[in-house]
Amino acid sequence: MGLTTEDLVNSVSPKIGSLGAAFYFTPPTLAMGKELGLDGFRFYVLGRGGVLGATNAATVHSAFGYFSPKLVERMWTTAAEVADPLTTAGIYYEACANHGRAKLGDLDLTAFCAAADQVVEAADGAGMPLFAGIRSLPRVADLPGRAAQLIAVLREFRGSAHLAAVRAAGLDSHIAHFIKRPTDIELFGYPADAGEEVTDEDRAKLAEAERMTDRIVMPAFAVLDESHRQALLDGVTAIEAAYAA
């Protein structure tokens, strides 16, 4: 038996999680934010959340999860006073494309982009506002830029699915964050000792949420035939190596 849909999801999901965020705080991305009058963190919050439009911080926090509501309130409100959210989202998406252009120019990404486009278009965006928002942004035509943008879209797809699964498992999103990223508690706006409240029951709930996340995203990947499954895996693997070089 060749590469199955389950094999594919298990193989690419961890890679997509890190690769989709690779452009967030690079010097070229930070420079684009600075041109708007935004520091790196505010450009991140307004750039990712801007696909939701000119909304309020509570709505953005509901889509982000994980972060302290007070931190999102401060970052979103002060950033939105400086730049338009939807316009900033488009600029942030261009920063993503630029990262791909800088890193992926030596790769043949034709088959990868064809496969990734199929998954993105097949995905059910119900209950996933960040994913639905970034998917609605026009993607660039050149393959290096488009590949980077598709990776970012797929990251929001799984991230949105995972947030829904965390809540369905009965786990608060900030507790899930404490388990997965214990060294980043303060960065996400919580006291340094907040992670001490994590229990074994919480860890079991997160494990169930991971399995549930796979079940949510699996149908979108299942539209691929075996050749496209392999193309997606090969592309993600090549992009990972190029980003690390």
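For the structure itself, look to the data block above.
None of the values given here were measured: they were computed from a predicted structure. (Residues numbered from 1 in each chain as written. Predicted model: local features only at pLDDT ≥ 70, side-chain atom pairs only at ≥ 80, totals over all residues. Heavy atoms only, no water.)

A. A look at the state of the cysteines. Tallied over the entire structure, the rule returns zero disulfides. Cysteine Cys96 shares no disulfide, and the gap to the nearest cysteine sulfur, in Cys113, comes to 11 Å. (Disulfide = S-S within 2.5 Å.)

B. Summary view of the environment of Gly65. Relative to the helices and strands, Gly65 resides in the loop between helix H4 (57-64) and helix H5 (69-80). The class for Gly65 is buried, based on a relative accessible area of 5%. Among residues more than four places away in sequence, those in contact with Gly65 are Leu163 and Ser173. (Helix = DSSP H or I, 4+ residues; strand = E, 2+ residues; numbered from the N terminus. Buried < 20%, exposed > 50% of the residue type's maximum accessible area, 1.4 Å probe, protein only. Contact = heavy atoms within 4.5 Å.)

C. Quick peek at the nonpolar core. Counting 83 residues, the largest nonpolar core has Leu8, Phe112, Phe157, Phe221, Leu232 and Ile239 as the members making the most contacts within it. Take this core: its biggest share by element is 12 residues, from helix H9 (residues 143-168). With near-sequence residues (within four places) excluded, Phe157 lies in contact with Ala123, Asp124, Met128, Phe131, Val217, Ala220 and Phe221. (Core = buried A, V, L, I, M, F, W, Y, C linked by side-chain atoms within 4.5 Å.)

D. Inspection of helix H1 (residues 5-19) at higher detail. Compared with the 21 Å implied by 1.5 Å per residue over 15 residues, the 20 Å span of H1 between its first and last C-alpha is a close match. Turning to H1, its buried residues are Thr5, Leu8, Val9, Val12, Ser13, Ile16 and Leu19. Residues of H1 that are buried sit in contact with H9, helix H11 (200-221) and helix H12 (226-244). (Expected span 1.5 Å × (residues − 1).)

E. Region of the structure containing the packing of aromatic side chains. In this structure the tally under the stated criterion is 15 aromatic pairs. Between Tyr24 and Phe25, the ring centres sit 6.3 Å apart and the planes meet at 80°, which makes this aromatic pair edge-to-face. A residue is classified by how much of its surface remains accessible, and Phe25, at 44% relative accessible area, is partly exposed. Measuring from ring centre to ring centre gives 6.2 Å for Phe41 and Phe67, while their planes differ by 45°; the resulting arrangement is tilted. Here Phe41 is found in helix H3 (residues 40-49), whereas its partner Phe67 is found in the loop between H4 and H5, with 26 residues between them in sequence. With a relative accessible area of 6%, Phe67 lands in the buried category. Put simply, the rings of Phe23, Tyr24, Phe25, Phe41, Phe43, Tyr44, Phe64, Phe67, Tyr92 and Phe188 pair up and form one aromatic cluster. (Phe/Tyr/Trp six-rings, centres within 6.5 Å; stacked < 30°, edge-to-face > 60°.)

F. Main features of unusual backbone geometry. Not every positive phi belongs to a glycine, and Tyr66 is a case in point at roughly 65°. Tracing the chain through its elements places Tyr66 in the loop between H4 and H5.

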